[in-house]
Amino acid sequence: MMASSTSVTTTMPSEKLFSGGRIPSLDGLRAISIGMVIFAHLCGSRYFVSLVALRRDLGNVGVRVFFVISGFLITTLLLQEFAERGRVSLRMFYLRRSLRIFPCAYAYIAIACLLSLAGWLRLEPKDLIHAATYTVNYEQLRPWHTIHLWSLSVEEQFYFVCPVLLCIVGPRRGLWVAAGVLVLAPLTRLGAWYLGPELRWRIGTSFQTNADALAAGCVLAGVRTWLWAQPGYLRFQQSRGFLAVPLVALGAAILLSFEQPPLLLVSYAVGMTALNLAIALIIDRCVRHPSDFFGRLLNWSPMAFIGVLSYSLYLWQEPFLDRLSDRPINWFPINLVLTFAAALVSYYVVEKPFMELRRRIERRLRVSAAPAVTAPAPGARRAADATN
């Protein structure tokens, strides 16, 4: 499904926010994110440029954009459900997430397991256990074919925590908790650095050291209605001064390239948080202005489709973008073609059918739960579809 280019009002009603079943511009932003990850992993492939400096940093920025988008999208949906119903259905939330995330991921893990048994790649039992339990981000020595699942582990851990926390403390206190995470996450990074070398490998992959990226999206979802009611903020979004935001993001991304103190510690303390907040502001502007030049680019059908395909692309790029392998399937551009081919198969054979199954189950549960004379809320299906 393509992203819509319909504009959004400051009142943020569901009919406007989920125009056409998607939040405007998010799929285009996902396309840029997966593009960064793929380009970073292509670097060093045979017949492709090396650009060693971009391998780690560009991919990390792309993943960080995914994190902020996830925090924003999931919190927006939860807050909308809370506003409409006065509560959040944990059963429905985890049903939606399970049918959205698990089928493609476990299909990839199952195929990787079979290839390992056949001797075509090497995976230890512990690697498969970490992959299946979404704890790859706490595995120190990770093989190439499952190393990328660390970011999916972080997101799954966020899905486990966020709705439960919202149910316990409510939206207002939940916003304060998210703001607190923005302050505490840099301290966890610095703490891991100073407490000893045995903990440093977890910085940047563990949930607690990445939580501020997700929290930045959560805070944006919580304060966006208020922000959109501030004339000064709206003027800033459309002024030349807003160019400072991507420049801050660029500066913070450059800080990520330093691997030794003191600049490394500056990145841990303020650089990553500045990058997360800059990404959140950029997301907000793109969602609010989908009809300007950049918004039209993000909502352009081919760009939006790559964003829709981004989950399958992220899963399946790893086997083909192995720069240390000299197999022909890892040569450019063969590896890029095979990545897209595998992602398309994953999307149409696994991901899309399970999304349709999810929609059918949701419709059935909604009808069975609703009074006989009550029709479903007009924006309910669109809100559910936005999690695709």
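Here the structure is a predicted model, which is why all the values come from computation and not from measurement. Positions within a chain are numbered from 1, following the residues in the order the chain's sequence is written. Under the rules for a predicted model, residues below a pLDDT of 70 receive no local features and side-chain atom pairs below 80 are neither given nor counted, while totals for whole chains, interfaces and linings still include all residues. Excluding hydrogens and water, the side-chain values take into account all heavy atoms of the structure.

**Regarding the overall build of the chain**
Secondary structure follows DSSP: runs of H or I at least 4 residues long count as helices, runs of E at least 2 residues long count as strands, and numbering of each begins at the N terminus. Secondary structure summary: the chain contains 17 helices and zero strands in total. Each of the 388 residues in the chain was classed as buried or not, and the buried ones make up 52%. A separation threshold of at least 6 residues defines the contact pool for the chain, and within that pool the share at least 24 residues apart is 72%. Areas reported here follow the Shrake-Rupley algorithm with a probe of radius 1.4 Å; residue values treat only the protein chains shown as occluding. With an accessible surface of roughly 17800 Å², the chain has 69% of that area assigned to carbon and sulfur atoms. Buried residues are those whose accessible area, probed at 1.4 Å on protein chains only, stays under 20% of the maximum for their type, while exposed residues exceed 50% and partly exposed ones sit between those limits. Contact criterion: two residues are considered in contact whenever any of their non-hydrogen atoms come within 4.5 Å of each other.

**Points about the packing of aromatic side chains**
We call Phe, Tyr and Trp rings a pair once their centres come within 6.5 Å, taking the six-membered ring for Trp, and we label the pair stacked below 30 degrees between planes, edge-to-face above 60, and tilted otherwise. Following the criterion strictly, the structure yields 14 aromatic pairs and no others. Over a ring means this: the NZ of a Lys or the CZ of an Arg is within 6 Å of the ring centre and within 35 degrees of the ring normal. Sitting above the plane of the Trp-331 ring, Arg-46 keeps its charged end 4.5 Å from the centroid. Between the NZ or CZ atom of Arg-288 and the centre of the ring of Trp-228, over which it lies, the distance is 5.0 Å.

**Some remarks on unusual backbone geometry**
Trans is the prevailing form of peptide bonds, just as negative phi is the prevailing case for residues other than glycine. Geometrically, the link from Pro-261 to Pro-262 is a cis peptide bond, its omega value of 5° lying close to zero. Looking at where Pro-262 falls in the secondary structure, it is placed in the loop between helix H11 (244-255) and helix H12 (263-288). Positive phi is not limited to glycine here, since Tyr-134 has a value of about 55°.

**Here we look at the side chain of Ser-116**
Among the secondary structure elements, Ser-116 is positioned in helix H4 (residues 90-117). Each polar contact in these results corresponds to two N or O atoms within 3.5 Å; when the atoms are within protein, one needs to be able to donate a hydrogen and the other to accept it, and residues that are neighboring in sequence are counted only if both atoms are side-chain atoms. Engagement of the side chain of Ser-116 in a polar contact is seen with the backbone nitrogen of Leu-123, the distance being 3.3 Å.

**Here we look at the confidence of the model for the chain**
Known as pLDDT, the predictor's confidence for each residue is given on a scale from 0 to 100. Per-chain confidence: the chain averages 89 in pLDDT, with 89% of residues scoring 70 or above. Per-residue pLDDT, averaged within each element of the chain, yields its smallest value for helix H1 (residues 14-17) (43) and its largest for helix H15 (residues 310-320) (97). Low pLDDT (under 50) marks residues 1-16, which in the prediction has 53 contacts with non-local residues, meaning those over four places away or in another chain. Low pLDDT (under 50) marks residues 372-384, which in the prediction has 15 contacts with non-local residues, meaning those over four places away or in another chain.

**Notes on the state of the cysteines**
By definition, disulfides here are pairs of cysteine sulfur atoms that lie within 2.5 Å. Enumeration over the complete set of coordinates arrives at zero disulfides. Distance from the sulfur of Cys-162, which forms no disulfide, to the nearest cysteine sulfur (Cys-218) is 4.7 Å. Take Cys-162: its relative accessible area is 13%, and that puts it in the buried class.

**Thoughts on the pattern of salt bridges**
When charged atoms on two side chains of opposite charge get close, those side chains can pair. Here a salt bridge means any side-chain nitrogen of Lys or Arg lying within 4 Å of a carboxyl oxygen belonging to Asp or Glu. Across all of its chains, the model carries twelve salt bridges by this definition. Between Arg-189 and Asp-212 there is a salt bridge, and its shortest N-O distance comes to 2.9 Å. Of this pair, Arg-189 sits in helix H7 (residues 149-195) while Asp-212 is found in helix H9 (residues 207-228), placing the two residues 23 residues apart along the sequence. Judged on exposure class, the residue Arg-189 and its partner Asp-212 are both buried. Close ionic contact of Asp-292 with Arg-285 constitutes a salt bridge, the shortest N to O distance being 2.7 Å. Under the relative-accessibility criterion, Asp-292 is labelled partly exposed at 23%. Given a relative accessible area of 19%, Arg-285 falls into the buried group.

**Here we look at a nonpolar patch on the surface**
A cluster of nonpolar side chains, Leu-247, Leu-250, Ile-254, Phe-258, Leu-263, Val-266 and Val-270, forms an exposed patch at the surface whose accessible area comes to about 610 Å². Elements represented by at least two residues in the nonpolar patch include exactly H11 and H12. Among the residues examined, Phe-258 registers a relative accessible area of 34% and is labelled partly exposed. For patch building, the residue pool is restricted to those with more than 30% relative accessible area and no salt bridge; the joining distance is 9 Å between like charges and 5 Å between nonpolar side chains (Val, Leu, Ile, Met, Phe, Trp, Tyr).

**Quick notes on H9**
A helix is expected to span 1.5 Å for every residue after the first. Helix length check: H9 (22 residues) gives 30 Å between terminal C-alpha atoms against 32 Å at 1.5 Å per residue, within 8%. Maximum bend of H9: about 45°, positioned at Gly-222. Buried residues dominate H9, accounting for 17 of its 22 residues. The bend at a residue is defined as the angle formed between two axes, one fitted to the seven residues ending at that residue and one fitted to the seven starting there.

**A few points about H4**
Taking 1.5 Å of rise per residue, the 28 residues of H4 would be expected to cover 40 Å, and the 37 Å separating its terminal C-alpha atoms lies within 8% of that figure. Of all the bends in H4, the largest measures some 35° and sits at Phe-102, one to four residues before the proline Pro-103. Among the residues trailing H4, Gly-119 stands out with phi positive, at a value near 85°.

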